[in-house]
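Each chain is listed here by its residues.
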Amino acid sequence: MSVTIARPQSLRGEIIAPGDKSVSHRAIMFNALSHTGTASVTNFSPGADCTSTVEIMRSLGIEITRESGRNGMGDSLTVKGVGLNGLQEPASVLDAGNSGTTTRLMSGILAGRDILTILTGDESLKSRPMGRVVEPLTQMGASISGRANNTLAPLVFHGGLLHGTSYEMPVASAQLKSCLLLAGLRADDTTTLTQPAESRDHTERMLSAMGVSISKSGLDLVLEPSDLETVDIEVPGDISSAAFWMVAGVCHPDAELLIRNVGTNPTRAGIITALQMMGADLTLHDERQVAGEPVADVLVRSSQLHGIELSGDIVPLLIDEIPVIAVAAAVAEGQTVVRDAEELRVKESDRIQASVSWLNGAGVEAIGTSDGMIVPGDNTIGGGQFQSYDDHRLAMSLGIAGLISADPITILDPDVAGISYPGFWQTIEDFGGLIG
Ligand code: S3P
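Fair warning: this is a prediction, and the values are worked out from it, not measured in the lab.

Q: Help me out: how do you make sense of the site of the ligand in this one?
A: Every residue near the ligand is listed here: Lys 21, Ser 22, Arg 26, Thr 101, Ser 173, Ala 174, Gln 175, Arg 200, Ile 319, Asp 320 and Lys 347. For the ligand, an oxygen atom lies 2.7 Å from a polar atom in the side chain of Ser 22. For the ligand, whose free accessible area comes to 390 Å², the fraction covered by protein is 96%. The cavity that encloses the ligand is the largest pocket. If one sorts the elements of the shell around the ligand by residue count, helix H1 (residues 21-32) sits on top with 3 residues.

Have a look at this one:
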C-alpha cells in the first residue's frame, strides 16, 4: 500500500493532538501496580504501541476496560490495581510489538518476580539494544537472559531478589531511567540514579503523584521502595505527534494552524525551542495544567526559517522529533547541524541513515555523521517515492515533506504511522494533501 501527498494551496485550521504515548504507557502500567483500587485513564493514545502495553498488562492478570472516546478525544480506560506483587504468571510469551517503551519499562516491572515471563516484539524491536536495561537490573539481583549474550529480545525474566542500587546511566534515556525506578519500587533499599542529561520526566511526576518518595538533586534521582496509590489520569496531547503539524505550519507558504491540547512538559518541549531558534512564528496559548503536566494550544504560521545547530542537552528533549526537524532544516535558509544524537541509530529504524537517504532521494544533499546529520538548507524538497523504513516517525515526516515539496511524494507502507498516530493520514486528507 502507498499514499501520495501533494502540497495544498493553503494549510489552515485546527487539529487536536492525540493522547501522549509516553504518558499513556505509564498511566496503565503504574496504576496496575497500585494497591488502592481502580483508576480512570482518559484521552489514551490511539497508537498500537500503547495497545501492546494494555494487552501485556491483561496477560499478567490486570483487569482493564476500554471505551471509545468522544468529541475527538482518545479512549477512556479503567485499570484495577493489584499491588506491587500481584501480577500473575502469563500463559504465553508477552508481545510488545514495535514498542521500545513497553519493553524497557516492563523489564523493570517484571525483573525479580517469582513468575516466569518472556518479553518479545517485532523484527525492529528484536534488533534494539536491551543490554542497557538487562545489565543494571542484573546488578540489582534480577535473573534475566536474552539473545546475543543477554542484549537482545526475547528477554526471559526468571526471578531474583532486587536490591537498591546506585547507578550512573551511560545514556540520557527516559526508558532506562523509568525501568530502574520501577525495579527500585520493589527493591530492599534506596535506588539512586545519575543521569548524563535530562530526559522526559513523566515517570518521576506520576510516581510522585502516586505517593512515592522520589527526589531530584541536579541530575541525580533518589527513590525509596514504596507502594503506589491509584491516580486518575487525563492524558495530555502528544507533542511528538503535534510536532508534525508544527513543522508543516511553519514551512508551508500559506499556513495558519492551531494545534490544541499539546503537552508542553519542558523535558519534551525541545521541538518548540528548536523551531523558535529557527525563527518560527510559533506561540503558546491557554497554557494550563492537566494531571500534573503542562498543556497549551500551539499556533503556528508560515515562517522564514534559518538553519541552527542542535547539540548537547537539548537533544534528549527533542530526540523523537529530529526526523521531522530534518524536513524543516531542508527548506530553512543555511545549514542545520545535528550532533550528540547517536541514539537515533537505535530507534525504530536507524533514523540518521533513513532521514539522510530519503532527503538525498528528494534532492537535498544531507550528510549523515556518526552522531547526527548536516542538512544544507536553502533547498526545494523534490518529489519521488520513498519507503517508510517500517518507522512511524519516518512515514509521517515524509507525509509532512509532501505537504511542502515541489512535486508529490509517495510513501510506501504508510500504515506504520498507526504505531503512534492512526489518524495522521486522515488529517492530511482533510487538508487536501492526499492525492492518491
Ligand atoms: C520514551 C523515551 C524515549 C523516546 C521514546 C519514548 C519514553 O526513548 O524516544 O519514543 O516514553 O520513555 P529513550 O528514553 O530510550 O531515549
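Q: Just checking my understanding: could you explain the sheet that holds strand E5 (residues 75-80) for this structure?
A: Backbone-to-backbone hydrogen bonds pair the strands of a sheet. The strands run either parallel or antiparallel. Here we have 4 strands laid out as an open sheet, ordered E4-E5-E3-E14, and mixed in their pairing. The open sheet terminates on both sides in strands that have one partner only, identified here as strand E4 (64-67) and strand E14 (233-234). In this sheet, E5 lies alongside E4 in antiparallel orientation, the contact comprising 4 bridges. Note on E5: the bridge partner recorded for Arg 66 is Leu 77. Seen against the sheet, H1 touches strand E3 (38-44), E4, E5 and E14 and runs at an angle of roughly 170° to E3. Sheet strands touched by helix H2 (residues 48-59): E3, E4 and E5. Its angle to E4, the strand with the most contacts, is close to 145°.

Q: Even after reading the chapter, I still don't get the nonpolar core, so can you show me in this structure?
A: Soluble globular proteins tend to bury their nonpolar side chains together. Trp 245, Met 246, Ile 259, Leu 275, Trp 358, Ile 381 and Ile 400 are the most contacted members of the largest nonpolar core, which has 79 residues in total. With 10 residues, helix H9 (residues 239-251) is the single largest residue contributor to this core. Discounting residues that sit within four places of it in the chain, Met 246 has contacts with Ile 239, Ile 259, Val 262, Ile 271, Ile 272, Leu 275, Leu 282, Val 298 and Val 300. Ranked by size, the runner-up nonpolar core spans 64 residues in total, among them Phe 30, Leu 84, Val 171 and Leu 193.

Calculation rules
Residues numbered from 1 in each chain as written. Predicted model: local features only at pLDDT ≥ 70, side-chain atom pairs only at ≥ 80, totals over all residues. Heavy atoms only, no water. Near = heavy atom within 4 Å. Polar contact = N/O pair within 3.5 Å; in protein donor to acceptor, adjacent residues only side chain to side chain. Areas by Shrake-Rupley, 256 points an atom, 1.4 Å probe, with all protein chains shown as cover. 1 Å grid on protein atoms, 1.4 Å probe; cavity = no way out; pocket = protein on both sides within 12 Å on 5 of 7 lines; lining within 4 Å. Sits in = over half its atoms within 2 Å of the grid points. Helix = DSSP H or I, 4+ residues; strand = E, 2+ residues; numbered from the N terminus. Pairing = 2+ DSSP bridges. Contact = heavy atoms within 4.5 Å. Axes fitted to C-alpha atoms, helices over the stretch in contact; angles between N-to-C directions. Core = buried A, V, L, I, M, F, W, Y, C linked by side-chain atoms within 4.5 Å. Buried < 20%, exposed > 50% of the residue type's maximum accessible area, 1.4 Å probe, protein only.

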